[in-house]
Each structure stands twice: as structure tokens, then as C-alpha cells.
Amino acid sequence: MSESLYTLVKQSKTDNNSLEIVIDLFSPKIDRSLQQTKQQYREDLSQELKIKLLDCIRNYEVENTPGYFQMLDILEEKGIQYYQGG
């Protein structure tokens, strides 16, 4: 895969092929997480998780995601402590 997750999510708004690639990228994590549930529920839960993932991808506003320094400013405005390193 030569495209980044960022690019694929951005393209997923209009391109079902990109959406399918993103879901396929998350499938191993979903499958590993399903190991914590009973076998009889895994297939249904897998479908529900993929539907939720699809919903999140389609509704995610890539352009409105703050950068690192913007996020630090937002945290500072809200009075939230964050790790500054060192």
C-alpha cells in the first residue's frame, strides 16, 4: 500500500474502494479484539464493529483535525495538563 491512512480516509468520502482498504487495514485489530468474546457472538460483533468503523470514517472531518501545536494550545486553553517531555 503506497497511500497513507490519512489519504485513504480522505478519499473514502467518495471512493468505496478506499473505504474498503481502510476497513481491511483495521480488520486484524477487530479480529484480535473479538478473541475476548464468545465464538457465537464474533460474527455479529465483527459486522457491527465494521459498520461503526464505516460510520466513523464517513463522518470524520480530516480537514478539521488540529495539528500538534494547535492541540497543545487547545489543551492549555482548557487547563488540561499534558506531558512536556524532558
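These remarks concern the structure in this document. Keep in mind that this is a model prediction, so the values were computed, not measured. (Residues numbered from 1 in each chain as written. Predicted model: local features only at pLDDT ≥ 70, side-chain atom pairs only at ≥ 80, totals over all residues. Heavy atoms only, no water.)

Attention shifts here to the environment of proline 66. As for its placement among the helices and strands, proline 66 is situated in the loop between helix 3 (39-59) and helix 4 (68-77). Taking the relative accessible area as the measure of exposure, proline 66 reaches 34% and is therefore partly exposed. When residues no more than four places from it in sequence are discounted, the contact partners of proline 66 are Met71 and Ile74. (Helix = DSSP H or I, 4+ residues; strand = E, 2+ residues; numbered from the N terminus. Buried < 20%, exposed > 50% of the residue type's maximum accessible area, 1.4 Å probe, protein only. Contact = heavy atoms within 4.5 Å.)

Below, the discussion takes up the packing of aromatic side chains. Going through the model one piece at a time under the given rule, you end up with one aromatic pair. Here the aromatic rings of tyrosine 68 and phenylalanine 69 are separated by 5.1 Å at their centres, their planes lie at 80°, and the arrangement is edge-to-face. Given a relative accessible area of 56%, tyrosine 68 falls into the exposed group. (Phe/Tyr/Trp six-rings, centres within 6.5 Å; stacked < 30°, edge-to-face > 60°.)

Right, let's get into the nonpolar core. Formed by Leu8, Val9, Leu19, Val22, Ile23, Ile30, Leu34, Leu53, Ile57 and Val62, the largest nonpolar core amounts to 10 residues. Contributions of two or more residues to this core are made by helix 1 (5-11), helix 2 (16-34) and helix 3. (Core = buried A, V, L, I, M, F, W, Y, C linked by side-chain atoms within 4.5 Å.)

Next up on the list: the side chain of serine 18. Along the chain, the position of serine 18 falls in helix 2. Polar contacts involving the side chain of serine 18 include one to the side chain of glutamine 11, which spans 3.0 Å. For serine 18, the residues in contact, after removing those within four places along its chain, are Leu8, Gln11 and Ser12. (Polar contact = N/O pair within 3.5 Å; in protein donor to acceptor, adjacent residues only side chain to side chain.)

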